[in-house]
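# Descriptive structure summary
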Amino acid sequence: MSSRTPSSSSALVAFSRQSSSFDAIDAANPIIARIRSITRREALALMHPGDHLLELNAGTGIDSFHFAAHGIHVLATDAAPGMIAQLKQKQRAHPELPVAVMECSYLDLDRLGERRFQRVFSNFGGLNCTPYLDRVLQGMDRLLLPGGTCTLVIMPRFSPWEVLGLLKGHFRSAFRRFNKGGTQAHLEGEHFTCHYYSPDQVRRQLGPQYELISLRALSLLTPPPHHDRFTTRYPSLYRSLDHWEERLAHWWPFRNWGDHFLITLRKR
């Protein structure tokens, strides 16, 4: 089975095209900053200086270099050539940080050979760009040392903000994540398929040798990143939604919902 399905090839083209502006888009979005802060805090709580971390779909290395600044040895991988070019440019600019770069799809992790890691990290739904999540998790499991942890940010099927689209008559988009076979996404002139997964699917595919450390919703009540103007238009409401989300995000069933969920598991 080829890892380069038509949809994944289109996604690689799209993300390569966006690579040169990716950091500027990221820096200008306060909702992305909030999600990164939450995710990094949880991931770093389990890391120790000197740990070896594999980042999947590392993009331009925004998280990779953050972790490296805390003494973590990072192998930043991505399959989009444009993202790899940006990663290598940062690597040259920061030779003091322990970041290695490799162009590698998360469907081809056997290319890493005998390398092993204490941590695996994937942010912002990169794993939603493949229908073969089971293959990604199997590859990750082979590379993760016993006692190691994985921290993954994935988009689930149920997003309250998308369902709210019903109030505006957006019936198709309100339930698009429930479509069998995935949903068409559009970025930088390219169309590709996104696939949505539940935390239970992740746990089931990894099996009983993994224990759940934490699970929480992201953008459950607060708006998802593409609603970034919400924070300036309704600052008081945004702060209130943030407050209540933090109260609910770790509780069932809310922790399974949101624009994304954040799951951390430990290999027994």
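First things first, this report covers the structure right here in the doc.

Procedures and definitions
Residues numbered from 1 in each chain as written. Predicted model: local features only at pLDDT ≥ 70, side-chain atom pairs only at ≥ 80, totals over all residues. Heavy atoms only, no water. Buried < 20%, exposed > 50% of the residue type's maximum accessible area, 1.4 Å probe, protein only. Helix = DSSP H or I, 4+ residues; strand = E, 2+ residues; numbered from the N terminus. Pairing = 2+ DSSP bridges. Polar contact = N/O pair within 3.5 Å; in protein donor to acceptor, adjacent residues only side chain to side chain. Core = buried A, V, L, I, M, F, W, Y, C linked by side-chain atoms within 4.5 Å. Contact = heavy atoms within 4.5 Å. Right-handed = clockwise from strand over helix to strand, strands pointing away. 1 Å grid on protein atoms, 1.4 Å probe; cavity = no way out; pocket = protein on both sides within 12 Å on 5 of 7 lines; lining within 4 Å. Points joined across faces, edges and corners; volume = space filled by probe spheres on them. Nonpolar A, V, L, I, M, F, W, Y, C, P; charged D, E, K, R; others polar.

### With respect to the pairing of strand β7 (residues 190-194)
Two faces make up the sheet, and in a regular strand the side chains alternate between them. For β7, the tally of buried residues reaches four of five residues, placing the bulk of the element in the interior. Between strand β6 (residues 183-187) and β7, which pair antiparallel one after the other, the connecting turn spans two residues, and E188 there sits at a positive phi close to 50°.

### Focus: the side chain of T130
Positionally, T130 belongs in the loop between β4 (117-122) and α5 (133-143). Residue classification places T130 among the buried residues on the basis of a relative accessible area of 2%. At a separation of 2.9 Å, a polar atom in the side chain of T130 contacts the main-chain amide nitrogen of Y132.

### Considering the nonpolar core
Core analysis: the biggest nonpolar cluster contains 39 residues, and L54, L112, L152 and V202 have the highest contact counts within it. For this core, the element with the most residues is α5, which contributes five residues. If we skip the residues at most four places from it in the chain, L112 touches L54, L75, M102, C104, F117 and L143. A43, A58, L97 and V99 belong to the second-largest nonpolar core, a separate cluster that totals 16 residues.

### Focus: the pairing of β4
For β4, the buried fraction is high: five of the six residues fall into the buried class. Of the strand pairs in this sheet, strand β1 (residues 52-56) and β4 are connected by four bridges, and their pairing is parallel. Pairing of E55 across the sheet is with F121, part of β4. Following the chain from β4 across α5 to the adjacent parallel strand β5 (residues 144-154), one finds a crossover that is right-handed.

### A short note on the layout of surface pockets
Estimates place the volume of the second largest pocket at around 480 Å³. Taken together, 16 residues make up the lining of the second largest pocket; nearest its centre are W161, G165, K168, H226 and H227. Elements supplying a minimum of two residues to the lining of the second largest pocket: α6 (160-163) and α9 (230-233). Across the lining of the second largest pocket, the residue classes break down as six nonpolar, five polar and five charged.

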